[in-house]
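Chains, contacts and geometry: an overview
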Amino acid sequence: CLGLSVSSHSSTTPYLRVKRSDREREKEADMVAEVPDHSHRGMVAAPAKRKSKRFAFACAMLASMTSILLGYDIGVMSGAAIFIKDDLKISDTQVEILLGILNLYSLVGSYAAGFTSDWIGRRYTIVFAAGIFFVGALLMGFAVNYAFLMFGRFVAGIGVGYALMIAPVYTAEVAPASSRGFLTSFPEVFINSGILLGYVSNYGFARLRESLGWRLMLGVGAIPSVFLALGVLAMPESPRWLVMQGRLGDARRVLDMTSDTPEEAQLRLDDIKAAAGIPEGCNDDVVPAPKKNQGGRVWRELLLRPTPAVRRVLLTAVGIHFFQQASGIDSVVLYSPRVFEKAGIHDKNKLLGTTVAVGVTKTLFILVATFLLDRIGRRPLLLSSTGGMILSLAGLGLGLTLIDHHPDGQLRWAVGLCIASILAYVAFFSIGLGPITWVYSSEILPLRLRAQGASIAVAVNRVTSGVITMTFISLYKAITIGGSFFLYGGIAALAWVFFFACLPETRGRTLEDMEDLFGTRNDTKETTNGVEMANASQGNEKI
């Protein structure tokens, strides 16, 4: 393999790769399967049968279940905050910090997850994330004061950061191109499922003694992480990580189990080898691991000396994550009881019951989105989703403003408008911007930059969410609650323009084809050629 590597790199003939769509790959695989087999008396082999996608489906589901940890925390804190404020006698500012600080704490986890996933693999990183969140949930459940509670949220936040980064990356690397949108949207499905479980937990424990109810709400969040850690051990490792370790045999077996046909599995393996810098003719089960690009070199390529193509990919990934949170989704979800209270609903049980309706709506529409991503495409769903969010935020802002200015604060049709606008907003978010953010950002980053690039995107997502949630109460006190949602609507309008101008369609393309779409494959060749020339010159000097 080393000999092949030298000869292939030193060749004067450029290595050309033709961009192939998923349909073209399927046709090519069928052609390969139909070639006459002369070793079997000239008989023509039957076309390869498509395999069941159940194994890839199961892997994606198990990996994506890590996202339920974040969803549960978001949902449960929206209701628990009501009881924590009364029990611990904390101010609105402390409530803001308590709700939003987990997003900033998660930066530690998302930053470390890039290194950890490249070091111990994607699978064990998921187990590690579940273990950290388990400890954090127990600490929050046993908290005796505000400081103890904040420490528990710090530990849980690290686990959430790990989970948010690794789940979409693993799923994108395991899924075949024909169903990658469907499978990679699973993290958002489980975030919404977690939010719904959190809302239900609030409603179920709200009738207990105040000091006990909120502690149980937070403490039971440790239970899903146990089952998650055990279930993940049954998953295979990511084939792309295995190739980066030189374990081609293991990667081939995983691809055989997760691809539609054996021919597609071979094509995927060839593409991953090319992206990792392994020569095409190197087919041993174990080969020398490619020279790792992690560490300082990757960060320099991403942040200090990015090429135009890398800059475009990074800005696209960061931009979609920023706008997902800046359009106010966490303010609606985390503060929905407070928003409904401002709309005229004051009974605690009714408040928590209405938030359950929000959770049900989000979960139902995210399930619809999973079936549309690979049929309609990312771009149409994203643009229509964002457009609907703009209208919903405008309706919510209008309803809250009218109620705010009404003499007795009771305007039935305006209350109905607010409730309908919130449900429409979360529905539009869940059918497009919610899942597509994770799908799109995980699939456009090239292999050599994927772990660290995903860490940056998730960090921007969490910082933006933290800023939004930690300033919402102060913001609506400054510009009114209706004005706050008009502001989020304006940000959503800017997001629509950004998506329209900067995000091309990626449906049906393999992860390696993304490098052609964004031009990052040429960067890889230039970098490789530069390293080879430097090595050659060093060799000549030694001679």
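Residues numbered from 1 in each chain as written. Predicted model: local features only at pLDDT ≥ 70, side-chain atom pairs only at ≥ 80, totals over all residues. Heavy atoms only, no water.

Side note on the layout of surface pockets
Counted as a void, the second largest pocket has a volume near 280 Å³. Taken together, 15 residues line the second largest pocket, and the ones lying closest to its centre are Ala81, Ile82, Lys85, Arg338 and Glu341. Secondary-structure elements contributing two or more residues to the lining of the second largest pocket are helix H4 (67–88), helix H5 (92–120), helix H18 (336–342) and helix H19 (348–376). Counting residues per element, the lining of the second largest pocket draws most heavily on H4, which supplies five residues. (1 Å grid on protein atoms, 1.4 Å probe; cavity = no way out; pocket = protein on both sides within 12 Å on 5 of 7 lines; lining within 4 Å. Points joined across faces, edges and corners; volume = space filled by probe spheres on them. Helix = DSSP H or I, 4+ residues; strand = E, 2+ residues; numbered from the N terminus.)

Thoughts on a nonpolar patch on the surface
On the surface, Tyr124, Phe134, Val135, Leu138, Phe142, Ile223, Val226, Phe227, Leu230 and Leu233 cluster together to form a nonpolar patch covering roughly 970 Å² of accessible area. At the level of elements, helix H6 (122–141) and helix H11 (222–232) are the ones that each hand at least two residues to the nonpolar patch. With respect to the helices, strands and loops of the structure, Val135 is situated in helix H6. (Patch = residues over 30% accessible without salt bridge, like charges linked within 9 Å, V, L, I, M, F, W, Y side chains within 5 Å. Areas by Shrake-Rupley, 256 points an atom, 1.4 Å probe, with all protein chains shown as cover. Salt bridge = Lys/Arg side-chain N within 4 Å of Asp/Glu carboxyl O.)

A look at unusual backbone geometry
Backbone geometry places Lys89, a non-glycine residue, at a positive phi of 55 degrees. Locating Lys89 in the fold gives a position in the loop between H4 and H5. Positive phi is not limited to glycine here, since Thr480 has a value of about 75 degrees. Here Thr480 lies in the loop between helix H23 (450–479) and helix H24 (481–502).

Details of the confidence of the model for the protein chain
Of all residues in the protein chain, 82% attain a pLDDT of 70 or more, and the chain-wide mean is 79. Highest mean pLDDT in the protein chain belongs to H24 (94); lowest belongs to helix H1 (residues 2–10) (38). Note that residues 2–48 has pLDDT below 50 and, in this model, 56 contacts with residues that lie over four places away or in other chains. Considering only residues more than four positions removed or in separate chains, one finds that residues 526–543, a stretch of pLDDT under 50, has four contacts. (pLDDT = per-residue confidence, 0-100. Contact = heavy atoms within 4.5 Å.)

Some details on the packing of aromatic side chains
Counting across every chain of the model gives 11 aromatic pairs. Centre to centre, the rings of Phe322 and Phe323 are 5.1 Å apart; their planes meet at 70 degrees, and the pair counts as edge-to-face. On the basis of relative accessibility, which here comes to 12%, the residue Phe323 falls in the buried class. Ring geometry for Phe472 against Tyr476: centres 5.4 Å apart, planes inclined by 65 degrees, an arrangement best described as edge-to-face. Linking Phe472 with Tyr476, this pair stays in helix H23, spanning four residues, or about one helical turn. Among the aromatic residues, those joined into a cluster by ring pairs are Tyr335, Phe472, Tyr476, Phe485 and Tyr488. When the ring centre of Tyr124 is taken as origin, the NZ or CZ atom of Arg123, which lies over that ring, is 4.7 Å away. (Phe/Tyr/Trp six-rings, centres within 6.5 Å; stacked < 30°, edge-to-face > 60°. Buried < 20%, exposed > 50% of the residue type's maximum accessible area, 1.4 Å probe, protein only. Lys NZ or Arg CZ within 6 Å of the ring centre and 35° of its normal.)

Describing the packing of helix H20 (residues 378–405) against H24
The contact between H20 and H24 brings their axes to 8 Å, and the two run at 165 degrees. One element, H20, and the other, H24, form an angle in the roughly antiparallel class. Note on packing geometry: the crossing formed by H20 with H24 is left-handed. Looking at the contact of H20 with H24, its residues break down into 18 nonpolar, seven polar and one charged. (Axes fitted to C-alpha atoms, helices over the stretch in contact; angles between N-to-C directions. Parallel < 35°, antiparallel > 145°, perpendicular 65-115°, else oblique. Left-handed = near helix turned anticlockwise from the far one by under 90°. Nonpolar A, V, L, I, M, F, W, Y, C, P; charged D, E, K, R; others polar.)

Looking at empty space enclosed by the protein
Under the defined criterion, the tally for this structure stands at five cavities of 30 Å³ or more. Approximately 120 Å³ is the volume found for the largest cavity. If you trace the largest cavity, you find 14 residues lining it, with Ile74, Glu188, Ile191, Gln325 and Asp330 closest to the centre. Counting residues per element, the ones that place at least two in the lining of the largest cavity are H4, helix H9 (186–205), helix H16 (308–326) and helix H17 (329–334). Across the lining of the largest cavity, the residue classes tally to eight nonpolar, two polar and four charged.

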